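# Commentary on secondary and tertiary structure
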Amino acid sequence: MLSKEIENSIRKMALKNALDYGTAKASAVMGKALSEFPELKHDLRSLPADIERIIAEINSMPRQLLEKEAERYTGEFSAERAEKAARSGRHSYMLNGASSGAFATRFPPEPNGYMHIGHAKAAFIEQEVSKIYRGSLFLYFDDTNPEAERQAFADAIKYDLNWLGISFEGEYYASDSIERLYAYAESLIKKGHAYVCLCGPDDVKKGRQEGRACEHREAGIAENEGFWKRMLGREQNEGILRLHSDMKAENTAMRDPTLFRIKKSPHYRQGSKYQMWPTYDFNTPVMDSIHGITDAIRSKEYELRDELYYKILDLLGLRKPHIHSISRLEIRNNITSKRKLNELISKGLVSGYDDPRLVTIAALRRRGITPAAIRELALRFGMSKAEGSVGIEMLLSENRKEIDAHSKRLFLVKEPVGLKVSGMPGEHMDISIKLHPTEELGYRNYKLSNVFFINAYDANRLESGQKVRLKDAFDIRITGKEKGALEAAYENGNSAEGARIAWVNENNYVGCTINMVGDLLNGVSFNSESIISYKGYVESYANQLSEGETVQFGSMGFFKLDIKKSLSFLSL
Ligand SMILES: [Zn+2]
């Protein structure tokens, strides 16, 4: 009899062997087991049979399940590493220059798409530092691109933030301050710090790349004021306002960046009131400064723009907040780019923004991920700037900790094989099984007949004469193995030995659909096996679950009831 620890280790070895070579080989696993656990040499009589049993089980499992189980282990390991990093990184929430009690930061979404896990990470970190520094967190809509922005996106972002449990001291919109931003632009023009450029976009780009100024840079202040007035008044419909900076600067972000451009589409919030719209580079520092933000957090890829942020505030004589850069959270084998998401949606490869394979907040909500799990993952990174993506497994393993205590346990049988039990006491047997091993979640009660169904991979490895336990019910001894069905005899008692197998009874099962959710991508290409669906039998108690509820199907793991009507579950 192997100890639980050794049994688990051998199972991991067999799993890895099966994933590496297609099927697990007893000799390879035996060698590994003996070298890792030398004490097994005393069990050489029973060890081969134990290993054969484990190998047979692993080899009868479909690859998808093997991978899922393997992910669970890598999840454990990376969780350990990250937890260690998080523990040692307590001070990674230290912000240079920030002062406790006089602190304000903001979460700055652009309402041009749906929130994803990367946004949520930033928002949770901002929430955390606001608490640590006893300050305020504001919601700032960076909405100065009317072509892409929609009220529906702003509403969805607020809905998601509320669902995540992130609240704000107040909210404000860049588009509500356009006239104020105009006034600042005019003050730059008046001092010769900004000019109107009438070059086409390609010429502007080329000039920047080559560090070459255009003729418009030399125009006088009065001329620029004239252009600017006509642009605001819509008498002139071409041109951009550029900062008179340094066309030879090493940092290309400083090569006369664009401060304003013309956008004729109506704005979702301001209608057709304006046609001159500030760029991110201009409105971000100004809005931060005039709204009392002391510390702005933004992702590392903006670092080259920090110099510009400070320069604009210097030229305008405005107070300068501190900028802190953090890494962006990316999920391996998944995407957050709007363009790529739209492509997958239009090709019909995913069903929409809440497709459970995605990492938008809507998708994570539908999948059954809790806000607490997303927060836990986000806070592991602190203010770290270290780049790198993490597997979705890291989030799933956080989530399992969150849902474990309130997820009911039910039996699921896939590829059902019939099992007839003789000698049961009475024609029907009343049974009452706890819905959770440790929590008080109640019971499920059934009247069992003598016809059961068990999983094919359990049925395949059972031998005639073998004793096994129908989990949480009673022991049986296999008496016959016919094609496609098993026969067994009821044995009274509750033995600890032997396998415990999942089952359903002909009186207590309903059909269900199980969707195993995998990675969206295989590297860069779409993973055609990102969802594998199959039919199974689940206990009829499943009809009493509410849509959205999470359950655990024994060793198959956690699932969320996605669609109640069809009893369709998503793997977690
Ligand atoms: Zn020009």
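Residues numbered from 1 in each chain as written. Predicted model: local features only at pLDDT ≥ 70, side-chain atom pairs only at ≥ 80, totals over all residues. Heavy atoms only, no water.

### A look at the confidence of the model for the protein chain
Low-pLDDT stretches of the model should not have their predicted coordinates read in fine detail. Looking at the protein chain, pLDDT values average 91 and 95% of them are 70 or higher. Scored below 50 in pLDDT, residues 77-83 shows 8 contacts in the model against residues more than four places distant or in partner chains. (pLDDT = per-residue confidence, 0-100. Contact = heavy atoms within 4.5 Å.)

### Section: the packing of aromatic side chains
Within the structure shown, the criterion is met by 23 aromatic pairs. Aromatic pair Phe453 and Tyr537: ring centres 5.3 Å apart, planes at 85 degrees, arrangement edge-to-face. Of this pair, Phe453 sits in strand E17 (residues 451-455) while Tyr537 is found in strand E26 (residues 531-539), placing the two residues 84 residues apart along the sequence. Phe453 gets classed as buried once you look at its relative accessible area, which sits at 17%. For Tyr537, a relative accessible area of 23% corresponds to the partly exposed category. A centroid spacing of 5.1 Å and a plane angle of 35 degrees characterise the contact between Phe553 and Phe559, whose relative ring orientation is tilted. In this structure an aromatic cluster arises from ring pairing among Tyr182, Trp228, Phe260, Tyr274, Trp277 and Phe282. Above the face of the Tyr173 ring, Arg269 is positioned so that its terminal group lies 3.4 Å from the ring centre. (Phe/Tyr/Trp six-rings, centres within 6.5 Å; stacked < 30°, edge-to-face > 60°. Helix = DSSP H or I, 4+ residues; strand = E, 2+ residues; numbered from the N terminus. Buried < 20%, exposed > 50% of the residue type's maximum accessible area, 1.4 Å probe, protein only. Lys NZ or Arg CZ within 6 Å of the ring centre and 35° of its normal.)

### Observations regarding the packing of helix H14 (residues 371-381) against helix H15 (residues 392-403)
Working note: a packed helix pair is described by the angle between its axes plus the distance between those axes. Here H14 crosses H15 at 130 degrees, and the two axes come no closer than 8 Å. With respect to H15, the axis of H14 lies oblique. Of the two elements, H14 crosses H15, and the hand of that crossing is right-handed. The residues of H15 that touch H14, namely those facing Ala372, Ala373, Ile374, Glu376, Leu377 and Arg380, are Met394, Leu395, Glu398, Asn399, Lys401 and Glu402. A per-class count over the contact of H14 with H15 returns 6 nonpolar, 1 polar and 5 charged. (Axes fitted to C-alpha atoms, helices over the stretch in contact; angles between N-to-C directions. Parallel < 35°, antiparallel > 145°, perpendicular 65-115°, else oblique. Left-handed = near helix turned anticlockwise from the far one by under 90°. Nonpolar A, V, L, I, M, F, W, Y, C, P; charged D, E, K, R; others polar.)

### Some details on the coordination of the zinc ion
Cys197 (SG), Cys199 (SG), Cys214 (SG) and His216 (ND1) make up the full set of protein donors to the zinc ion, lying at 2.1 to 2.4 Å. For the zinc ion, the donor residues sit on a single chain with the sequence spacing C-x1-C-x14-C-x1-H. Taken as a pair, Cys214 and His216 share a single burial class, namely buried. (Donors = N, O, S within 2.8 Å, 3.2 Å for Na, K, Ca; no water.)

### Observations concerning the pairing of strand E1 (residues 104-107)
Burial of the side chains of E1 extends over both faces: Ala104 and Arg106 are buried on one face and Thr105 and Phe107 on the other. Bridge count for E1 against strand E2 (residues 136-141) is 4 bridges, and the pairing is parallel. Pairing of Thr105 across the sheet is with Leu137, part of E2. In the classification by handedness, the crossover that spans E1, the intervening helix H5 (residues 117-132) and the parallel E2 is right-handed. (Pairing = 2+ DSSP bridges. Right-handed = clockwise from strand over helix to strand, strands pointing away.)

### Observations concerning the nonpolar core
Residues Ile10, Leu470, Phe474, Phe553 and Phe569 are the most contacted members of the largest nonpolar core, which totals 72 residues. Broken down by element, the residue count for this core peaks at 7 residues, all from helix H1 (residues 4-21). Viewed by domain, this core spans two of them, domain 1 (1-60) and domain 3 (409-505), each represented by three or more residues. The next biggest cluster of nonpolar side chains, apart from the first, holds 46 residues, and it includes Phe124, Phe141, Tyr173 and Leu395. (Core = buried A, V, L, I, M, F, W, Y, C linked by side-chain atoms within 4.5 Å. Domains from an automatic or database assignment.)

### Observations regarding H1
Counted at 1.5 Å a residue, the expected span for H1 with its 18 residues is 26 Å, and the 25 Å between its end C-alpha atoms agrees. Residues of H1 that are buried include every one of Ile6, Ser9, Ile10, Arg11, Met13, Ala14, Leu15, Asn17, Ala18 and Leu19, and no others. At the exit of H1 stands Gly22, carrying a positive phi of roughly 90 degrees. (Expected span 1.5 Å × (residues − 1).)

### Some words on empty space enclosed by the protein
Applying the stated criterion to the full structure yields 2 cavities of 30 Å³ or more. If you add up the space inside the largest cavity, you get close to 110 Å³. Lining the largest cavity are 16 residues, and of these Arg367, Ile392, Val517, Gly518 and Asp519 sit closest to its centre. Secondary structure elements with two or more residues in the lining of the largest cavity: helix H4 (63-88), helix H13 (361-367) and H15. (1 Å grid on protein atoms, 1.4 Å probe; cavity = no way out; pocket = protein on both sides within 12 Å on 5 of 7 lines; lining within 4 Å. Points joined across faces, edges and corners; volume = space filled by probe spheres on them.)

### A few points about the sheet that holds strand E7 (residues 276-278)
What links the strands of a sheet is backbone hydrogen bonding, and the strands pair in either a parallel or an antiparallel sense. Within the open sheet, the 4 strands sit side by side as E4-E5-E6-E7. Their pairing is antiparallel. Of all the strands in the sheet, the pair left with one neighbour each is strand E4 (194-197) and E7. Within the sheet, the average angular offset between the axes of one strand and its neighbour, ignoring direction, is 25 degrees. Direction of pairing for strand E5 (residues 240-243) relative to strand E6 (residues 258-262): antiparallel, over a ladder of 3 bridges. The residue bridging Ile240 from the neighbouring strand is Arg261, located in E6.

### Some details on the packing of helix H7 (residues 178-190) against helix H10 (residues 280-290)
Where H7 contacts H10, the axes come no closer than 11 Å and their chain directions differ by 110 degrees. Judged by the inter-axis angle, H7 sits roughly perpendicular to H10. Considering only the axes of H7 and H10, their crossing is right-handed. Contacts between H7 and H10 involve Arg180, Leu181, Tyr184, Ala185 and Leu188 from the first element and Phe282, Asn283, Val286 and Ile290 from the second.

### Quick look at the environment of Asn112
In this fold, Asn112 is placed in the loop between E1 and H5. A relative accessible area of 18% means that Asn112 is categorised as buried. Beyond its immediate stretch of four places on either side in the chain, Asn112 contacts Ala148, Glu149, Phe153 and Lys338.

### Details of a negative patch on the surface
Together, Glu5, Glu36, Glu39 and Asp43 line one region of the surface with negative charge. According to the relative accessible area criterion, Glu36 is partly exposed, its value standing at 48%. (Patch = residues over 30% accessible without salt bridge, like charges linked within 9 Å, V, L, I, M, F, W, Y side chains within 5 Å. Areas by Shrake-Rupley, 256 points an atom, 1.4 Å probe, with all protein chains shown as cover. Salt bridge = Lys/Arg side-chain N within 4 Å of Asp/Glu carboxyl O. Lys, Arg positive; Asp, Glu negative; His and termini not counted. Charge placed at Lys NZ, Arg CZ, Asp CG, Glu CD.)

### Considerations on the environment of Asn455
Tracing the sequence through the fold places Asn455 in strand E17. Residue classification places Asn455 among the buried residues on the basis of a relative accessible area of 5%. Linking Asn455 and Val504, residues 49 residues apart in sequence, is a C-alpha distance of 9.5 Å.

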